[in-house]
Amino acid sequence: QVQLVESGGDLVQPGGSLRLSCAASRSIFGINAMGWYRQAPGKQRELVARITTAGSTNYADSVKGRFAISRDNAKNTVYLQMNSLKPEDTAVYYCNALYLGLTYWGQGTQVTVSS
């Protein structure tokens, strides 16, 4: 089993930056893939970024060039660096882990981009 705790969400102005963190309850070295999803009011949850054990990454088209996902195996933590934030990035951001065929979710952290 894996427990995930997100942090770092905040209110930020357009063009600003935030870094989200996702701390796992176990070593992430053995977790197949970890990712960040987001869900805006009235919309479906969507993939933002994903990183595998091997370090391969993929991003939603809407965040390419602005967001970067990374992992620190020593700290059991995955990060999402978000730059050039836009109002349409406003959502609850969820951390996700795929481990031994099961999917785990964190409780979410709110990101609001507004002037």
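Here the structure is a predicted model, which means the values were calculated and not measured.

Overview of the pairing of strand S1 (residues 4–7)
Then, in step 1: Here S1 shows a buried face lined by Leu4 and Glu6 and an unburied face lined by Val5 and Ser7.
Then, in step 2: With 4 bridges connecting them, S1 and strand S3 (residues 18–24) associate as antiparallel partners. Along S3, the bridge assignment pairs Val5 with Ala23.

Observations regarding the pairing of strand S11 (residues 109–113)
Then, in step 1: Alternating residues of S11 divide into Thr109, Val111 and Val113, all buried, and Gln110 and Thr112, none buried.
Then, in step 2: Here 2 bridges tie strand S2 (residues 11–12) to S11, and the two strands are oriented parallel to one another. What sits directly across from Leu11, in S11, is Thr112.
Then, in step 3: In terms of strand pairing, strand S9 (residues 91–99) meets S11 through 3 bridges, oriented antiparallel. Its bridge partner lying in S11, Val92 is registered against Gln110.

Each value, and the rule that gives it
Residues numbered from 1 in each chain as written. Predicted model: local features only at pLDDT ≥ 70, side-chain atom pairs only at ≥ 80, totals over all residues. Heavy atoms only, no water. Buried < 20%, exposed > 50% of the residue type's maximum accessible area, 1.4 Å probe, protein only. Helix = DSSP H or I, 4+ residues; strand = E, 2+ residues; numbered from the N terminus. Pairing = 2+ DSSP bridges.

That is the geometry; function is a separate question.
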